[in-house]
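Topology and contacts: notes
Single-letter residue listing:
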Amino acid sequence: MIAELGHFALILAFVLAVVQGTVPLVGAARGHLPAIRLADTAAVLQFLLVAGAFAALMHAYVTSDFSLVNVAANSHSQKPMLYKITGVWGNHEGSLLLWALMLTLFGAMVALFGQNLPDTFRARVLSVQGLVGVGFIAFMIFTSNPFERLDPAPLEGNGLNPILQDPGLAFHPPFLYAGYVGISIAFSFAVAALIEGRVPPSWARWVRPWTLAAWSMLTIGITGGSYWAYYELGWGGFWFWDPVENASLMPWLAATALLHSAIVVEKRDTLKSWTILLAILAFSLSLLGTFLVRSGVLTSVHAFASDPTRGFFILIFLLAVTGGALTLYAIRAPALKAGGVFQTISREGALVLNNLLLATATATVLIGTLYPLVLDWLGGAKVSVGPPYFNGTFMPLLGPLMVALAIGPLLPWKRGDLAAVAGKLKLVAGIALVAALAIFALTDGAPWLALVAFAFAFFLAGSVIVELLERVQLRKLGPAGAFRRLIHLPRGAVGMTLAHLGLAISVFGVAAASGFAVEHLGIMKPGETLKIAGYSLTFKGVEEVPGPNYTAKRGTFEVAGVGTMRPETRRFQSPPMETTEAAIHPTLAGDLYVVVGEPTGPGYAVRVYWKPFVMWIWAGGLLMAAGGFASLSDRRLRVGAPVRRSPALAQAAE
Amino acid sequence: MALNSRFLLAAMPLAVAIGLGGIFYGRLGKDPSALPSALLGKPVPAFNLPGLDPTGPGLSDADLRAGSVTVVNVFASWCAPCRVEHPLLTALTKVPGIRVVGIAYKDKVADTQKFLGEMGNPYALVGADLNGRVGIDWGVYGVPETYLVTGKGEIAWKHVGALTEDIIRGEMLPLAEKLMK
Amino acid sequence: MKRLLLGLFFALAALPALAIGVDEPLADPGLEAKAREISKGLRCLVCQNQSIEDSNAPLAADLRRIVRERVTAGDDEAAVQAYLVERYGQWVLLRPPFEPATWVLWLSPFVILATGTAVILLRRRRPAPAAAPAPLSAEERARLEALLRGEEP
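Everything numeric in this text was worked out from a predicted model, so none of it was measured.

What follows covers the overall build of chain C. The number of helices and strands found in chain C is 6 helices and 0 strands. Taken from the N to the C terminus, the helices and strands of chain C come in the order α-α-α-α-α-α. Burial analysis of chain C (153 residues in total) assigns 32% to the buried set. A separation threshold of at least 6 residues defines the contact pool for chain C, and within that pool the share at least 24 residues apart is 45%.

Structural data, given as structure tokens:
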């Protein structure tokens with residue numbers, strides 16, 4: 001019964017989406033106020049309906065209602081409750097419902113919190129959002145109904161992929177979807193602006209909070225996914241340039257570029273056409289990702305069971321949304337008037353460079369991901385594009401990007417003096433170089449690529465600090481005055497500092513973990529001791545341990561000065577498969593990573609890794625997201641929000 | 001608006017999107033994980049496998065140059081889809097001019113014999129590839145896989161996965177007929 | 001229902017299935033390291049998004065053994081790769097080769113960067129299409145003079 005209500009709610013949401021997608025647009029064109037106001041109500045109502053449908057599906061999972069095809073295929077009564085809940089989105093239909101939930105959630109938030117936007121503009125934004133929703137909900141209702149019934153209902157479900165039964169699963173998809181789908185708002189803003197034919201600087205100010213929110217969530221989602229792969233998949237890798245990983249990275253890169261170019265639109269009223277294009281492309285890349293995962297045209301460890309019919313439907317949807325927006329862009333963009341002029345060496349120039357590099361990076365990832373498909377279609381030999389390609393083409397772009405991030409904030413708007421900035425940064429550059437050389441001297445066999453990455457990371461981190469010190473005017477005001485300024489820094493500036501620092505930390509982590517990892521793969525007998533990276537591990541043996549829905553073979557390692565590490569291999573029954581659970585001992589300086597495997601010869605197969613500073617990769621990612629949230633909380637981003645300030649603060653904050 | 005350079009530049013993303021859309025459409029329904037054989041048109045690799053019966057004949061590359069068009073089926077008793085396609089192989093033995101032989105891939109001899117005893121033996125000859133090395137020389141990466149070899153011992157066709165009637169009627173038999181001429 | 005089962009089958013078939021095994025390392029650590037490096041550059045054909053070094057699939061173990069054999073026999077990286085490409089095609093290499101079919105792949109990042117830079121620099125050379133403000137009428141000019149003199153408009 002509840003499932004039928006959920007299904008009904010979905011159908012109602014579809015109808016409402018059609019209304020939301022058309023009536024306010026017409027109303028805005030004609031200045032018909034009730035039709036314009038309808039957008040807000042429709043958006044909130046639509047969210048409530050989709051949330052209701054989502055709740056209905058969740059109810060079915062929680063109660064293990066196997067009369068629903070979706071629950072029977074993906075759940076099991078013996079699964080721990082947490083995983084019954086997260087199983088809602090661990091499959092194709094449920095994840096689509098999560099998609100729709102995020103889409104309508106962002107729409108409702110714009111309706112409720114976007115009162116600073118002019119009514120007609122907001123109505124157009126919500127209409128476009130509604131139109132996207134029409135396609136999505138239609139896709140669900142007609143091809144991927146989560147509420148399909150199964151008759152007769154089986155007594156037991158088919159379980160969920162054991163690799164997905166993991167706390168990381170609880171975090172990764174919802175954040176990822178909030179991110180990738182949240183970018184739809186930037187898209188809607190862009191299309192609404194094209195419909196109106198103008199992109200005023202205020203447009204950039206309006207679009208930034210939504211883009212920041214989506215970007216921060218996406219950053220957390222990607223960071224979480226990478227960390228999850230690291231501890232769950234058993235070989236200590238954290239990024240494989242898998243097509244679906246790339247599908248989440250591309251919108252992230254485009255959204256990052258968008259955040260930066262929107263600054264230029266707001267401050268200098270230029271780069272409008274490019275920024276609008278970025279907003280359209282960012283969401284189009286999200287949709288492309290959805291297509292790639294669910295259509296079966298690319299293989300990936302992440303791919304859901306693929307179906308060409310579904311693939312066809314998504315393709316049509318993707319072409320309609322992207323094609324429609326890009327057609328509007330082709331028609332309207334050339335008429336957008338450019339504004340402020342600026343010198344090449346200026347903050348705008350640095351932001352343009354930033355965008356150029358990010359756009360090239362996005363294009364590179366796109367080309368690498370799609371090339372095998374295109375070549376196959378052309379009838380050429382089947383070629384695979386793996387990490388060596390991406391490492392060779394994407395990584396080199398990071399260097400100049402980090403330099404742009406270091407220099408940009410120190411350059412003034414309109415016209416800057418590169419020599420002056422270089423003067424401020426030469427100390428930092430010197431230290432970075434010396435540090436990298438020192439590491440080279442202290443370690444032997446250091447890969448030069450890692451050292452170069454270190455140099456850039458140190459340089460960026462140092463430059464961020466230099467910029468911060470300058471912003472708090474340490475030299476002029478002295479430590480006390482600077483500290484007072486620090487506390488009252490606008491949140492936007494704090495956000496930038498945190499995010500750029502986060503990138504430097506992540507790059508450092510990647511370089512350290514990839515370039516200086518130590519590994520030992522071998523056979524250990526109980527009682528043997530292994531020395532690695534200054535740790536001493538003694539293997540105690542393997543025992544069988546039952547779990548809630550699996551039996552595990554648990555290995556025990558005594559590590560001197562640390563304690564006991566217990567890696568496992570788990571055998572699940574439904575569906576039958578085995579997973580490896582690595583034992584990880586994390587420290588600030590690196591992770592000790594132990595995996596135990598099959599009994600081999602006289603002992604057991606054992607893999608032990610030392611991954612220096614690997615946690616810094618994800619710490620950096622989280623710091624970037626924190627920066628995003630900090631910027632989001634900046635009141636200046638919300639036009640019209642009352643600013644309460646005491647006179648003393650007003651002076652300090654400049 | 002005039003067809004000026006700004007419009008053309010602005011229309012480029014649209015053109016790329018449409019182009020990619022067309023390619024995606026063309027690829028729907030095709031399995032991206034299926035690898036074409038690197039050995040098409042080349043002679044079969046040299047190999048000599050023992051049979052299931054130690055006293056009886058096995059399978060070697062010389063057998064495949066004996067003159068008749070041969071279907072070489074790579075199978076194993078532990079492979080579920082092999083059971084599904086088995087009746088089709090039995091049906092193939094009735095096609096005149098075609099010989100069906102098998103390579104048991106990484107399978108214990110006793111298990112293979114039990115499998116063939118249960119399901120019937122459509123193979124004129126069977127080679128037991130116990131450690132899978134011969135399979136690797138053929139470019140095998142899973143079971144079942146089926147090859148069509150000409151009378152002169154050249155690999156003409158490969159199918160990855162279980163055979164289906166459509167594949168046999170649509171691809172294999174027409175090609176086999178051509179090769180027999 | 002059949003689609004459901006078929007879907008499940010494909011989903012299962014795509015996942016890594018077994019616990020890790022460890023191969024017998026070669027006696028010579030230098031050769032062993034070389035074999036591992038080469039293996040890291042080869043794609044597992046079963047778990048297609050991993051290298052054979054990382055994959056738990058039985059075929060990956062077989063291929064790692066073959067890499068070790070070839071390395072012991074004296075083959076260099078190119079020869080080992082050629083051996084496997086002969087059997088499985090170019091697809092087994094994680095690093096796409098640089099040949100006519102992949103020139104577009106390898107060169108496009110540079111081309112895009114160069115084109116982007118060119119477009120940016122060229123567009124900056126062209127003066128911004130700022131509409132010149134309409135000239136003032138005589139009355140407006142008089143008002144302007146009055147304002148500049150500090151008088152009431």
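Let's shift gears to the sheet that holds strand β9 (residues 590-600) of chain A. Residues and elements named next belong to chain A. If you trace the 4 strands from one edge of the open sheet to the other, you get β1-β10-β9-β8, paired in antiparallel fashion. In this open sheet, the two edge strands, each paired with only one partner strand, are β1 (518-524) and β8 (583-587). Pairwise comparison of adjacent strand axes, ignoring direction, gives a mean angle of 15° for this sheet. In the sheet, β8 pairs with β9 via 5 bridges, with the strands oriented antiparallel. Counted as the bridge partner of Ala 583 is Val 594 from β9.

This part is about the pairing of strand β3 (residues 535-546) of chain A. Residues and elements named next belong to chain A. Here strand β2 (residues 529-532) pairs with β3 via 4 bridges, running antiparallel. If you follow Ile 532 over to β3, its bridge partner there is Tyr 535. As consecutive antiparallel partners, β2 and β3 are separated by 2 residues, and within that stretch Ala 533 has a phi angle of approximately 50°, a positive value. Examined bridge by bridge, β3 and strand β4 (residues 550-559) share 9 bridges and lie antiparallel to one another. Within β4, the position partnered with Phe 539 by the bridge is Phe 557. Remark: 3 residues form the turn of the hairpin made by β3 and β4, two consecutive strands paired antiparallel.

On to the sheet that holds strand β3 (residues 69-75) of chain B, then. Residue and element names in this part refer to chain B. Pairing in this open sheet of 5 strands is mixed, and the strands run β5-β4-β3-β6-β7 from one edge to the other. Pairing within the sheet leaves two strands with one partner each, and these edge strands are β5 (126-129) and β7 (155-160). Going from strand to strand, the sheet's axes swing by 20° on average, the running direction of each strand aside. Across 7 bridges, the pairing between β3 and strand β4 (residues 98-105) is parallel.

Residue and element names in this part refer to chain C. Mean pLDDT over chain C works out to 78, with 76% of the residues at or above the 70 mark. Averaged pLDDT values over the elements of chain C bottom out at 37 in helix α1 (residues 2-13) and peak at 93 in helix α4 (residues 77-88). Within the model, the stretch residues 1-17 combines pLDDT values under 50 with 19 contacts to residues more than four positions away or in other chains. Reported confidence for the predicted complex is 0.84 by ipTM and 0.89 by pTM.

Reading guide: rules and limits
- Residues numbered from 1 in each chain as written.
- Chains lettered and ligands numbered in written order.
- Predicted model: local features only at pLDDT ≥ 70, side-chain atom pairs only at ≥ 80, totals over all residues.
- Helix = DSSP H or I, 4+ residues; strand = E, 2+ residues; numbered from the N terminus.
- Buried ≥ 20, exposed ≤ 12 C-beta atoms within 10 Å, placed from the backbone.
- Contact = placed C-beta atoms within 7 Å.
- Pairing = 2+ DSSP bridges.
- Axes fitted to C-alpha atoms, helices over the stretch in contact; angles between N-to-C directions.
- pLDDT = per-residue confidence, 0-100.

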